[in-house]
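For reference, the chains in residue letters:
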Amino acid sequence: MSPTSILIIAHAPLAHALRSCALHVFPDCGPFVGAVDVQPNLSPDETLGSARIMLDQLGGPGIKGVLVLTDIFGATPCNVAHKLVDGVSSKLVAGVNLPMLLRSVSYRHETLDALVTRAVAGGTQGVMQVAITAPQNQARRKNDQDKYDHQQ
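One structure accompanies this document, and this report is about it. Worth saying up front: this structure is predicted, and the values here are computed from it rather than measured.

Cut-off values and rules
Residue numbering note: each chain is counted from 1, following its sequence as written. Under the rules for a predicted model, residues below a pLDDT of 70 receive no local features and side-chain atom pairs below 80 are neither given nor counted, while totals for whole chains, interfaces and linings still include all residues. Side-chain metrics rest on all non-hydrogen atoms present in the structure, leaving aside hydrogens and water. In this scheme, a residue with accessible area under 20% of its type's maximum is buried, one over 50% is exposed, and one in between is partly exposed, where area comes from a 1.4 Å probe on protein chains only. Note on conventions: DSSP H or I runs of at least 4 residues are helices, E runs of at least 2 residues are strands, and numbering of each starts at the N terminus. Here is how to tell: hold the view so the strands point away, follow the path from the first strand over the helix to the second, and if it runs clockwise the crossover is right-handed. Only buried residues count toward a nonpolar core. Its members are Ala, Val, Leu, Ile, Met, Phe, Trp, Tyr and Cys residues joined through side-chain atoms within 4.5 Å. Contact criterion: two residues are considered in contact whenever any of their non-hydrogen atoms come within 4.5 Å of each other. Two residue types count as positive, namely Lys and Arg, and two as negative, namely Asp and Glu; His and chain ends fall outside the count. By definition, a salt bridge exists where a carboxyl oxygen of Asp or Glu is found within 4 Å of a side-chain nitrogen of Lys or Arg. For the purposes of these results, a polar contact is taken to be a pair of N or O atoms within 3.5 Å, where, inside protein, one atom must be able to donate a hydrogen and its partner to accept one; residues adjacent in sequence count only when each atom of the pair is a side-chain atom. Working convention: axes come from line fits to C-alpha atoms, limited for helices to the stretch in contact. Angles between N-to-C directions cover 0 to 180 degrees. Should an angle lie under 35 degrees it is considered roughly parallel, over 145 roughly antiparallel, and from 65 to 115 roughly perpendicular; all remaining angles are considered oblique. Here a crossing is called left-handed whenever its near helix is offset anticlockwise from the far helix by less than a right angle, and right-handed whenever the offset is clockwise. Gly is put with the polar residues, along with every residue not named as nonpolar or charged; the nonpolar set is Ala, Val, Leu, Ile, Met, Phe, Trp, Tyr, Cys and Pro, and the charged set is Asp, Glu, Lys and Arg. Of all possible arcs, the one meant is that of the directions from the helix axis to the C-beta atoms.

Looking at the pairing of strand β2 (residues 33–38)
Regular strands place their side chains on alternate faces of the sheet.
At step 1: Here β2 lies mainly inside the structure; six of its six residues are buried.
At step 2: Residue alternation in β2 divides its side chains into two sets, Val33, Ala35 and Asp37 and Gly34, Val36 and Val38, and both sets are buried.
At step 3: Remark: the strand β1 (residues 4–11)/helix α1 (residues 14–25)/β2 crossover connection has right-handed handedness.

With respect to the nonpolar core
At step 1: Formed by 21 residues in total, the largest nonpolar core has its most connected members in Ile6, Val33, Leu67, Leu69, Leu101 and Val105.
At step 2: Contributions of two or more residues to this core are made by β1, α1, β2, β3 (65–70), α4 (98–106) and α5 (112–125).
At step 3: Leaving out residues up to four positions away in the same chain, leucine 67 has contacts with Thr4, Ser5, Ile6, Leu7, Lys91, Val93, Ser104, Leu112, Leu115, Val116 and Ala119.
At step 4: Of all hydrophobic cores here, the second largest spans 15 residues; its members include Leu7, Leu55, Val80 and Val85.

Side note on the side chain of arginine 108
At step 1: As for its position among the elements, arginine 108 is in the loop between α4 and α5.
At step 2: The buried charged residue arginine 108 lacks any salt bridge partner; its closest oppositely charged side chain belongs to aspartate 28, at an N-O distance of 7.1 Å.

Structural notes on α4
At step 1: Within the sequence span of α4, burial applies to Met100, Leu101, Leu102, Ser104 and Val105.
At step 2: Where α4 is buried, its residues meet β1, α1, β2, β3, β4 (90–94) and α5.
At step 3: Capping of α4 at its N-terminal end is provided by asparagine 97; its side-chain oxygen lies 2.8 Å from the backbone amide nitrogen of methionine 100.

As for the packing of α1 against α4
At step 1: For the pair α1 and α4, interaxial distance at closest approach is 10 Å and the crossing angle is 50°. Considered as vectors, α1 and α4 are oriented oblique to each other. Crossing geometry of α1 relative to α4 is assigned as right-handed. Two secondary-structure elements touch here, α1 through Leu18, Arg19, Cys21, Ala22 and Val25 and α4 through Leu98, Leu101 and Leu102.
At step 2: For the contact of α1 with α4, the residue count by class is seven nonpolar, no polar and one charged.

Remarks on helix α3 (residues 76–84)
Quick reminder: α-helices carry 3.6 residues per turn. Residues three or four places apart thus point the same way.
At step 1: Among the residues of α3, those classed as buried are Pro77, Cys78, Val80, Ala81 and Leu84. One face of α3 carries all of its buried residues, which in axial projection span an arc of 160°. Facing away from the buried side of α3 by over 90 degrees, the exposed positions are His82 and Lys83.
At step 2: Where α3 is buried, its residues meet β1, β2, α2 (44–58), β3 and β4.

Given below as structure tokens:
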């Protein structure tokens, strides 16, 4: 099955920072994960031009589609991305976070529709409140939080 490329469009410097994190975990993902940082001093049209170039580079031979990830629905990065995607060979998901990106990289050989589902699941499942409790088999110390502080 042909792989899917991933394009991150986000407020600067988030897009490149997320791409760097993905490269840290998956060192071989560089050729199929692109990033466009939306700079405050550039117009949306200038950013759209850069994003189109990156989308063309990522959609090369053997690529079945491009998943576009943006940070905030309704903000400039999402609005630029919305002008890029066609809904068939490219899809858009807003609310990108690192769990979403890593899940997308992990499952990029699935169909584009399946990858969208995986991305959204990865993003939502990666957000959780973490309870603060004493490690197993360790006695509580005098200054530890109350035993009920961790309950949700």
